[in-house]
Protein chains: 2
Amino acid sequence: MDGREKRRRPTIADVAARAGVSVKTVSRVINNEPGVRPELADGVLAAIGELGFRRNPMASSLRSGRSTSTIGLIIEDLANPFYATVAAAVAGVARTHDTHLITVSSGEDPELERRQFAELCQRRVDGLIIVPAGSDHAYTRAEVEMGMRMVFLDRPPSGILADIVVIDNAAGARAGIVDLLEAGHRRIGVIVDSPAIYTARERLAGVREALAGAGVPYDDSLVRVGVADPEEAARAVAAMLDGGDPPTAFFAGNNRITVGAIRELCRRGDGAALTGFDDFELSSLMPRPLTIIGYDVQELGRAAAVRLFERIGGDTSWPAETVVPTRLLRRGLGQ
Amino acid sequence: MDGREKRRRPTIADVAARAGVSVKTVSRVINNEPGVRPELADGVLAAIGELGFRRNPMASSLRSGRSTSTIGLIIEDLANPFYATVAAAVAGVARTHDTHLITVSSGEDPELERRQFAELCQRRVDGLIIVPAGSDHAYTRAEVEMGMRMVFLDRPPSGILADIVVIDNAAGARAGIVDLLEAGHRRIGVIVDSPAIYTARERLAGVREALAGAGVPYDDSLVRVGVADPEEAARAVAAMLDGGDPPTAFFAGNNRITVGAIRELCRRGDGAALTGFDDFELSSLMPRPLTIIGYDVQELGRAAAVRLFERIGGDTSWPAETVVPTRLLRRGLGQ
DNA sequence: TCCCCTCTTGACAACGTTGTCTTCCATTGA
DNA sequence: TCAATGGAAGACAACGTTGTCAAGAGGGGA
């Protein structure tokens, strides 16, 4: 039993020979085309069962030029729970369309993203969902002209007009700041990721809008941008708390920053309020109260996939933007 | 710009016409086959660039009968961080082999797992990595005979001999219990998942071995099996603590159980020691000390993928078992 | 009875690529 | 000068399937 004797896979010709019909008749049975006498069809089905025949989808889609029953998803890192949830949701929708999902990670590298894009197009996937890492996506145009369908997720592309599904970043940040203002906070430390990132830009814009709306001045010493990891976030929190007139509340622009802030606040036993964008696993078990600006990540993936399959199904309407709402969640222990 | 004008994709025939050579010459250039004069090859490459030609991999693998440059991964749920990490690791290895990964979720449904398996075989993937949900995998034999390569991950299959990559469950559990015993605990509450699950069985066996080795009697009132979610785990902890002669330590058979146990212990402010199998995100931020029996999840996926590509590469040695070691980690705040 | 129409069924080509075999040309040695 | 040799290039078939079209059987109406 070393599996080396490799029986050849049966083809429709084998089935046809066994059932005593032509290959075309077998093809008709396989594809449920009308115009085959039931008794013949039964014979074909029996032969299929006996031989263990399965249609070769490559030959099929080569000849018919139709669907490959595959879509692609280009994300940054599948090991990141956010993207994993998106991928699971997309795969779920794909399954209802008898379609498989190929997921590739670009690791935020625009050049790799381009290569992955090209590879997936070469494979003739029926469509692509892309979380854009690079800043210019004009290179996708040639493929769009050749019929490739694309939906962008979480961030808008530039250089190309296409469907897009995003979170309501600005509104979420506004709501988070308004919530802090209503609790009486006037000095709010704001820590966000690099403004090169769309979501960080939008969220910071929401923060400024909310502050301006309440007549609270925007104090540069209370804003840190370009914070990329929990350690840096912790240092930023520490620096603000150690400064003169420290903030009584913090706004964290994403969950990595939130985690870093929690760590530093717990270390110090500081009671400052904390509101952070993006929920994360076990946020409700964090050892202090916090407010999360959350949203349905699954819904994000699902909406993108649904849109993509509408396109694949022939929808040629003008590209649309789908916005997934956010909501405030009280998390952490002692809340 | 509604993308309806769908330019036909160029084929090697188009390239050949443009370069003034035969299709076979183009094929030779594409595949780096020898025997093409450099000046002709340059002309072909120029034509490829001008037309934006890309080889159709379906036609290619249909004709040559070789690799589809695709492997499949069958897991329970991609949204689960454990499986997401495995998938990312497998995709990483696949990438070094210029291969794409199709990931499908079976949701622990053996029937769905069978269907997913059949679908992926139908696609002629080069190989499959399977986290088996069902209890009988004899149905995979027909495909193995036709040359399908498979590696099983995390749990062994039954009814088929194949490569397998698993965690050292029993040794990990033994080490966890020995650690508690050395800290002086003699009454250890043990909470594990259903013994229908291989990992739960193995871990429980490790627990018994460690207890027996230390001469500590196995007390049925301190063992709960078949615990499936954090809520049930919390109730199990509560019941044991409320009984007579409550345990001074708990062993949790997986991270869902660990989380439920933490929740209940924190709610009560109970100081019992806690050791749990499987690490999880932010375990170091849990509001109490705990010990984790951890392992390298990436390594699990990587090892399986490496084995699979060895098989795809032609390795026909006897199926082997790869065991990934565990290690004890001190986690939680206040450690 | 004959013609037309419908319904089954099959023969054949085509999808885009690659394996096999042949052809052609230049070069070499006698 | 001519046969032998070897390398480059192309003609053709084949992979497994499906679209197109034609052939044949059977039925109904004139």
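Definitions and cut-offs
Residues numbered from 1 in each chain as written. Chains lettered and ligands numbered in written order. Predicted model: local features only at pLDDT ≥ 70, side-chain atom pairs only at ≥ 80, totals over all residues. Heavy atoms only, no water. Helix = DSSP H or I, 4+ residues; strand = E, 2+ residues; numbered from the N terminus. Rg over C-alpha atoms; globule rule 2.2 N^0.38 Å. Areas by Shrake-Rupley, 256 points an atom, 1.4 Å probe, with all protein chains shown as cover. Least-squares fit on C-alpha atoms with pLDDT ≥ 70 in both. Contact = heavy atoms within 4.5 Å. Domains from an automatic or database assignment. Buried < 20%, exposed > 50% of the residue type's maximum accessible area, 1.4 Å probe, protein only. Polar contact = N/O pair within 3.5 Å; in protein donor to acceptor, adjacent residues only side chain to side chain. Buried area = accessible area lost by both parts, 1.4 Å probe. Salt bridge = Lys/Arg side-chain N within 4 Å of Asp/Glu carboxyl O. Nonpolar A, V, L, I, M, F, W, Y, C, P; charged D, E, K, R; others polar. Pairing = 2+ DSSP bridges. Near = heavy atom within 4 Å.

Naming follows an unreviewed UniProt entry, where chain A appears as LacI family DNA-binding transcriptional regulator of Actinomadura physcomitrii.

**What about the overall build of chain A?**
Looking only at helices and strands, chain A has 12 helices and 12 strands in total. Scaling as 2.2 N^0.38, a compact globule of 335 residues should have a C-alpha radius of gyration of about 20 Å, whereas chain A reaches 27 Å, well beyond that. Along the first, second and third principal axes, the C-alpha atoms of chain A reach 90 × 45 × 35 Å. Carbon and sulfur atoms make up 50% of the accessible area of chain A, which amounts to about 14,500 Å² in all.

**Looking at the relation of the copies chain B and chain A**
Of the transformation placing chain B onto chain A, the axial shift is 0.1 Å and the rotation is 180°, giving an RMSD of 0.1 Å. The transformation just described matches what one would write down for a two-fold rotation axis. Most of the interface of chain B is mirrored in chain A, where 100% of its interface residues again form contacts.

**A short note on the domain arrangement of chain A**
Annotation of chain A at the domain level lists domain 1 (12-55), domain 2 (70-167 + 297-324) and domain 3 (169-294). The C-alpha centroid of domain 2 of chain A is placed 38 Å from the C-alpha centroid of domain 1 of chain A.

**Side note on the side chain of Asp193(B)**
Residues and elements named next belong to chain B. On the secondary structure map, aspartate 193 appears in the loop between β6 (188-191) and α9 (198-213). Since its relative accessible area comes to 12%, aspartate 193 is described here as buried. Within the local environment of aspartate 193, its side chain forms a polar contact with the side chain of arginine 256, the two groups lying 2.9 Å apart. The contact partners of aspartate 193, leaving out residues within four places of it in the chain, are Ala200, Val225, Gly226, Val227, Ala228, Asn254, Arg256 and Ile257.

**Some details on the interface of chain B and chain A**
Of the residues lining the interface, 63 residues belong to chain B; the matching set on chain A comes to 63 residues. Buried area between chain B and chain A, both sides added, is near 6,100 Å², and the carbon and sulfur share of it is 57%. When the area that chain B buries against chain A is broken down by residue, the three leading residues are Arg9(B), His100(B) and Met146(B), summing to 12%. At the boundary of chain B and chain A, one finds six salt bridges. Counting every contact that joins chain B to chain A gives 16 residue pairs in polar contact (both at pLDDT 80 or more). If you list the elements that add at least two residues to the side of chain B that touches chain A, you get α4 (57-64), α5 (81-96), β2 (100-105), α6 (110-122), α7 (141-145) and α11 (255-268) of chain B. Looking at the side of chain B that touches chain A, the element that brings in the most residues is α6(B), giving eight residues. For the side of chain B that touches chain A, the residue count by class is 31 nonpolar, 13 polar and 19 charged.

**Observations concerning the sheet that holds strand β10 (residues 290-295) of chain B**
All names here are of chain B. Across the sheet, six strands lie side by side as β7-β6-β8-β9-β10-β12; this open sheet has mixed pairing. Lying at the two open borders of the sheet, with one neighbouring strand each, are β7 (223-224) and β12 (326-331). Where strand β9 (residues 273-277) and β10 come together, three bridges link them in parallel fashion. When the bridges of β10 are listed, glycine 276 appears paired with isoleucine 292.

**Some points on the side chain of Thr103(A)**
Its location among the elements puts Thr103(A) in strand β2 (residues 100-105). With sequence-adjacent residues up to four places away left out, Thr103(A) is seen in contact with Leu73(A), Ile75(A), Leu78(A), Ala87(A) and Leu101(B).

**Digging into the protein's contact with DNA strand D**
Taken together, 25 residues are adjacent to DNA strand D, and Ile12(A), Lys24(A), Thr25(B), Arg28(B) and Arg37(B) come closest. Separating a phosphate oxygen of DNA strand D from a backbone N or O atom of Ile12(A) is a distance of 2.6 Å. Ser22(B) has a polar backbone atom sitting 2.9 Å from a phosphate oxygen of DNA strand D. The set of elements that each furnish at least two residues to the surface near DNA strand D consists of α2 (23-30) and α4 (57-64) of chain A together with α2 (23-30) and α4 of chain B. A breakdown of the residues in the surface near DNA strand D according to their chemical character gives seven nonpolar, eight polar and 10 charged.

**A short note on the protein's contact with DNA strand C**
Neighbouring residues of DNA strand C: 25 residues in total, closest Thr25(A), Arg28(A), Arg37(A), Ile12(B) and Lys24(B). A share of 61% is what sugar and phosphate atoms reach among the atoms of DNA strand C within 4 Å of the protein. Between DNA strand C and Ser22(A) there is a distance of 3.1 Å, counted from a phosphate oxygen to a backbone nitrogen or oxygen. Between DNA strand C and the protein, one listed contact pairs a phosphate oxygen with a backbone N or O atom of Asn56(B) at 3.0 Å. Taken together, the elements giving at least two residues each to the surface near DNA strand C come down to α2 and α4 of chain A together with α2 and α4 of chain B. For the surface near DNA strand C, the residue count by class is seven nonpolar, eight polar and 10 charged.

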